[in-house]
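Structure assessment
Listed below, chain by chain, are the residues.
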Protein chains: 2
Amino acid sequence: TAKLAMKLYIFVKKAWELGVNDPRKFIHCLKVGIALTAVSLFYYMKPLYDGVGGNAMWAVMTVVVVFEHTAGATIYKTINRICGTSLAGFLAFGVHWVASKAGDEFEPIIVGVSIFLLASAATFSRFIPTIKARFDYGAMIFILTFSVISISGYRIDKLMDMAQQRISTILIGTCLCIIVSLTICPIWAGQELHVLVTGNLDKVANSLQGCVDQYFSHSEASAEVNDEESNKKLLGYKCVLSSKGTEDVMANLARWEPAHGHFNFRHPWKQYLKVAASMRSCASCIDALIGCINSENKAPDHIKKNMSSISLKVGANCASLIKELAITMRNMKKSSKVDILIMEMNNSAQELQHLLKSYPNLVNAQDIETEVAAEIEISLVEIIQVVTIASLLIEIVARVKCIGRCVEELSD
Amino acid sequence: TAKLAMKLYIFVKKAWELGVNDPRKFIHCLKVGIALTAVSLFYYMKPLYDGVGGNAMWAVMTVVVVFEHTAGATIYKTINRICGTSLAGFLAFGVHWVASKAGDEFEPIIVGVSIFLLASAATFSRFIPTIKARFDYGAMIFILTFSVISISGYRIDKLMDMAQQRISTILIGTCLCIIVSLTICPIWAGQELHVLVTGNLDKVANSLQGCVDQYFSHSEASAEVNDEESNKKLLGYKCVLSSKGTEDVMANLARWEPAHGHFNFRHPWKQYLKVAASMRSCASCIDALIGCINSENKAPDHIKKNMSSISLKVGANCASLIKELAITMRNMKKSSKVDILIMEMNNSAQELQHLLKSYPNLVNAQDIETEVAAEIEISLVEIIQVVTIASLLIEIVARVKCIGRCVEELSD
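Residues numbered from 1 in each chain as written. Chains lettered and ligands numbered in written order. Predicted model: local features only at pLDDT ≥ 70, side-chain atom pairs only at ≥ 80, totals over all residues. Heavy atoms only, no water.

**Here we look at the overall build of chain A**
Each helix and strand counted, chain A has 18 helices and zero strands in total. Out of the 412 residues belonging to chain A, those deemed buried represent 51%. Of the contacts formed within chain A by residues at least 6 apart in sequence, a portion of 81% connects residues at least 24 apart. Of the roughly 19200 Å² of accessible surface on chain A, 63% is carried by carbon and sulfur atoms. (Helix = DSSP H or I, 4+ residues; strand = E, 2+ residues; numbered from the N terminus. Buried < 20%, exposed > 50% of the residue type's maximum accessible area, 1.4 Å probe, protein only. Contact = heavy atoms within 4.5 Å. Areas by Shrake-Rupley, 256 points an atom, 1.4 Å probe, with all protein chains shown as cover.)

As structure tokens, this is what we get:
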């Protein structure tokens, strides 16, 4: 039991830290509590309860189901729920009217067939990508409401009352959700996407600089620096590679949000996804770079030294450009430094290419000067790793430029 | 309106193709229809209706909400719904008992406070990764049931009946879902994951072979071959890079599934994720490779020719190993060919390294033979692209070996 208690303690501690690191999670929990307590007033206050009766339950259910972490998700579910319910309600009435005209014998058959057909069709629509992205929840609510109302029509006489109460209670619940979600410390999906993408830019910059630094200044006292902290920085690009899913979800929800913060209405969220995609292609190049650095074909130190200053410069320039792009995105206005940094990066990349071009001369020079010096000549095998890293760096420069273009489009 | 009709026609056609390409989607829709029609019998048949009364609605709702595309998802929701409802029901009774002892004045306060606290706590638990992965839906259902039952307790006398009926109707609904989902053409998340991962292996193999072929046999009549079909193959690795989200979801759902098909109980789904991860690291190397192929520093054709046969061999060997690994996974037993293919791949990679090692001699040989031949000597700049591609190929070989190890672990 001591072991179990220990495990429980660790679990609770971790959970608590989760909230402490992002206090908005606590706030969200409180918001849910507030919304639920508010909606339960419909039970406690006699006049309110008399208005909606036992159907007050629908309002409570709506709050629980619709209230999501981000404002975008709440709005998305709200609109889907209202539209799905209304549409299904009307259709159910139509079917009920037809069925009741057809006589008692045919009524269950007509209702049953209509449920079968509409539920199948609505289920199929959830597979269609454009509908899935925007109206997945609405389609489910449509099936739900249509089935419940049209089946109930067989047993309940006052079907109209039921449908009306269902719609009005859902309206009450959704309004309450929207109000609580948007007024008390709202969490915008657009803002989250913005923070995620700009944070990822910084991560890419740190990873790139980290791995170039680690490789080229390895001979010096880097063993001490190479602690966990810097290792974590180095692996930041992995987060970038795996964050596509989150970004897509956020961009999809941000679409539903009204103007907020720095963002105007109809902010180009797709542009954020483009920045993220170009960033990911840069990150996969960094992945290959790190693979080459850790490969077996190690280059000897004297070769590395020859390249180190200029390679470090390319790495540092790329990193500072990416960081400046992140700052541009944060401030949402063009930074004059970006153009200078792009130029510097291009220059250093060109210097690196010049250095590479000068290499064969270097080999030849030694050959011609002294035949004896043949043993200290640079063989290609020794240079492979450095050459590969250099050309990967040049490729990374090209991809960073691509990020630059995407950010520029965004800032226009 | 003609334009609108055209758009609608295209939309419907696309949707139809979606189903034709994967007929299981149609089957799933029919299954939903069947389950809903079956559950509506509780309304049409008098004895059944008398058993559960107006609460038959809960059974219908359960079917709509719980029935998912894959068996794993349906089971996940079923278990979560039953556990969440039962737990919340018991707790709600406890709170109701305490509140009713406290007197009419305090009852709403006690109920309100308990809803606030429990809803906040349960909402918070949904942020904890381990709970989110397995009991996200259960936590929501817990909040829902607890709120509805404990609030209703204020107005309804026969609370016990309500709770009991809610639980029994949910049981009816979930049982129906499980039966329909598992007996009629079940779609297993584990099987889907299996198909996705093995299909992705093929995609990686095709991309790798495609890009090596395209680069090294470019001078020949590749322009005609380079049609859309082969381009699509070439870009297959991009699907691999972006399929992490789907894989995680599938692996998460597969955990809930009982033994099925080739899979025994407790199949190591995590191992599939490992294979997928190693495959992705290979794919990001291919991404860098394609970047290098398209870079500005083109190598002249005579240099490429020198390397082409061996590079093509490395590419083809890697690709056939990956395809063999995919076959191994499909058949779920070790293939004797894998070891041979690994050996062949290693050999060809070593040949490539030997060829690289022989290069500087080539340069020197020319230098020493004739001083005049200096203009036809190979400069490093010309060779950079080929060297980079070669060392990326060697890196890819290392990562393919990693895939091999993961698949081997899986087949053990």
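Moving on from the coordinates now.
**Things to note about the interface of chain A and chain B**
The interface is formed by 82 residues belonging to chain A together with 82 residues belonging to chain B. Across the interface of chain A and chain B, roughly 7200 Å² is buried in total on both sides, 75% from carbon and sulfur atoms. Counting the contacts that link chain A with chain B gives two salt bridges. Ionic pairing is found between aspartate 287 of chain A and arginine 399 of chain B, a salt bridge with its closest N-O pair at 2.9 Å. Its residues assigned to classes, the side of chain A that touches chain B comprises 49 nonpolar, 23 polar and ten charged. (Buried area = accessible area lost by both parts, 1.4 Å probe. Salt bridge = Lys/Arg side-chain N within 4 Å of Asp/Glu carboxyl O. Nonpolar A, V, L, I, M, F, W, Y, C, P; charged D, E, K, R; others polar.)

**Some words on helix α16 (residues 301-331) of chain B**
Residues and elements named next belong to chain B. Relative to the 45 Å expected for 31 residues at 1.5 Å per residue, α16 spans 42 Å between its end C-alpha atoms, a close match to the ideal helical length. At serine 308, α16 is bent by approximately 50°, the largest bend along its length. Methionine 332, located one to two residues past α16, shows a positive phi value of around 55°. (Expected span 1.5 Å × (residues − 1). Bend = angle between axes of the 7 residues up to and from the residue.)

**Quick notes on the packing of aromatic side chains**
Evaluated as defined, the whole model comprises twelve aromatic pairs over all chains. Look at phenylalanine 26 of chain A and phenylalanine 124 of chain B: their rings are 5.2 Å apart centre to centre, the planes differ by 15°, and that puts the pair in the stacked class. One end of the pair, phenylalanine 26 of chain A, is in helix α2 (residues 24-39); the other, phenylalanine 124 of chain B, is in helix α7 (residues 107-125), on a second chain. Overall, phenylalanine 124 of chain B belongs to the buried group, its relative accessible area being 12%. Seen in terms of ring centroids, phenylalanine 124 of chain B and phenylalanine 127 of chain B are 6.3 Å apart; in terms of plane orientation they differ by 65°. Their pairing is edge-to-face. Pair check on accessibility: phenylalanine 124 of chain B and phenylalanine 127 of chain B agree, each one buried. Ring-pair connections join several aromatic residues into one group, and the members of that group are Trp16 and Phe26 of chain A together with Phe124 and Phe127 of chain B. Over the face of the ring belonging to tyrosine 137 of chain A we find lysine 77 of chain A, whose NZ or CZ atom lies 4.8 Å from the ring centre. (Phe/Tyr/Trp six-rings, centres within 6.5 Å; stacked < 30°, edge-to-face > 60°. Lys NZ or Arg CZ within 6 Å of the ring centre and 35° of its normal.)

**Quick word on the packing of helix α10 (residues 189-216) of chain B against α16 of chain B**
All names here are of chain B. Put simply, α10 and α16 touch, their axes get as near as 9 Å, and they point 170° apart. When the interaxial angle is binned, α10 and α16 end up roughly antiparallel. Among the residues forming the contact of α10 with α16, the class breakdown is 17 nonpolar, eight polar and five charged. (Axes fitted to C-alpha atoms, helices over the stretch in contact; angles between N-to-C directions. Parallel < 35°, antiparallel > 145°, perpendicular 65-115°, else oblique.)

**Digging into the pattern of salt bridges**
When the charged atoms of two side chains with opposite charge come close together, those side chains can pair. Inspection of every chain in the model, using the stated rule, returns 22 salt bridges over all chains. The partner of arginine 24 of chain B in a salt bridge is aspartate 22 of chain B, with the nearest N and O atoms 3.2 Å apart. One connected set of salt bridges, linked through shared partners, spans Asp22, Arg24 and Glu192 of chain A.

**Some points on the relation of the copies chain A and chain B**
Between the two copies, chain A and chain B, the superposition gives an RMSD of 0.1 Å; the rotation angle is 180° and the shift along the axis is 0.0 Å. This pairing of chains is accounted for by a two-fold axis. A shared interface surface links the copies, since 100% of the contact residues of chain A are contact residues in chain B too. (Least-squares fit on C-alpha atoms with pLDDT ≥ 70 in both.)

**What to know about the nonpolar core**
Among the nonpolar cores identified, the biggest contains 222 residues, and Leu36 of chain A together with Leu36 of chain B are the most heavily contacted of them. The residues touching leucine 36 of chain B, leaving out its near neighbours within four places in the chain, are Ile115, Ala119, Ile143 and Ser147 of chain A together with Val60, Val63 and Val64 of chain B. (Core = buried A, V, L, I, M, F, W, Y, C linked by side-chain atoms within 4.5 Å.)

**Examining the confidence of the model for chain A**
All names here are of chain A. For chain A, per-residue confidence averages 80 on the pLDDT scale, and residues scoring 70 or more make up 87% of the total. Note on residues 361-376: pLDDT under 50 across the span, and 15 contacts to partners over four residues away in sequence or across chains. Here the complex is predicted with pTM 0.86, and the ipTM for its interfaces comes to 0.85. (pLDDT = per-residue confidence, 0-100.)

**A closer look at a nonpolar patch on the surface**
Residues and elements named next belong to chain A. The grouping of Phe106, Ile109, Val113 and Leu117 at the surface amounts to a nonpolar patch, some 390 Å² of accessible area in total. Tracing the chain through its elements places phenylalanine 106 in the loop between α6 (71-101) and α7 (107-125). Judged by relative accessible area, which is 48%, phenylalanine 106 ranks as partly exposed. (Patch = residues over 30% accessible without salt bridge, like charges linked within 9 Å, V, L, I, M, F, W, Y side chains within 5 Å.)

**Quick notes on unusual backbone geometry**
Even without glycine at this site, cysteine 185 of chain A takes up a positive phi of about 35°. Among the structural elements, cysteine 185 of chain A can be located in the loop between α9 (159-183) and α10 (189-216).

**Details of the side chain of threonine 198 of chain B**
All names here are of chain B. Locating threonine 198 in the fold gives a position in helix α10. The class of threonine 198 is buried, set by a relative accessible area of 2%. At a separation of 2.8 Å, a polar atom in the side chain of threonine 198 contacts the main-chain carbonyl oxygen of histidine 194. Once residues within four sequence positions are removed from consideration, threonine 198 is found in contact with Ala326, Met329 and Arg330. (Polar contact = N/O pair within 3.5 Å; in protein donor to acceptor, adjacent residues only side chain to side chain.)

**Points about the packing of helix α6 (residues 71-102) of chain B against α7 of chain B**
All names here are of chain B. Across the interface, α6 lies against α7 with an axial gap of 8 Å and an inter-helix angle of 150°. Between α6 and α7, the angle falls in the class roughly antiparallel. In terms of crossing hand, the pair formed by α6 and α7 is right-handed. For the pair α6 and α7, the contacting residues are Leu91, Val95, His96, Ala99 and Ala102 in the first and Glu107, Ile110, Val111, Ser114 and Leu118 in the second. Taken together, the residues of the contact of α6 with α7 break down into seven nonpolar, two polar and one charged. (Left-handed = near helix turned anticlockwise from the far one by under 90°.)

**Considerations on the environment of leucine 235 of chain B**
Residue and element names in this part refer to chain B. Counting through the fold element by element, leucine 235 comes out in the loop between α12 (228-234) and α13 (236-241). For leucine 235, a relative accessible area of 41% translates into the label partly exposed. For leucine 235 and lysine 203, which are 32 residues apart along the polypeptide, the C-alpha to C-alpha distance reads 8.5 Å.

**Quick word on the state of the cysteines**
Residues and elements named next belong to chain A. Counted under the stated rule, the structure contains zero disulfides over all chains. Distance from the sulfur of cysteine 29, which forms no disulfide, to the nearest cysteine sulfur (cysteine 185) is 13 Å. Given the relative accessible area of 3%, cysteine 29 is considered buried. (Disulfide = S-S within 2.5 Å.)

**Observations regarding the environment of lysine 401 of chain A**
Residue and element names in this part refer to chain A. Among the secondary structure elements, lysine 401 is positioned in helix α18 (residues 380-411). By relative accessible area, lysine 401 is classed as partly exposed at 31%. Residues lysine 401 and lysine 101, 300 residues apart in the sequence, show an inter-C-alpha distance of 69 Å. When near neighbours in sequence (up to four residues on either side) are disregarded, lysine 401 contacts Met345 and Asn346.

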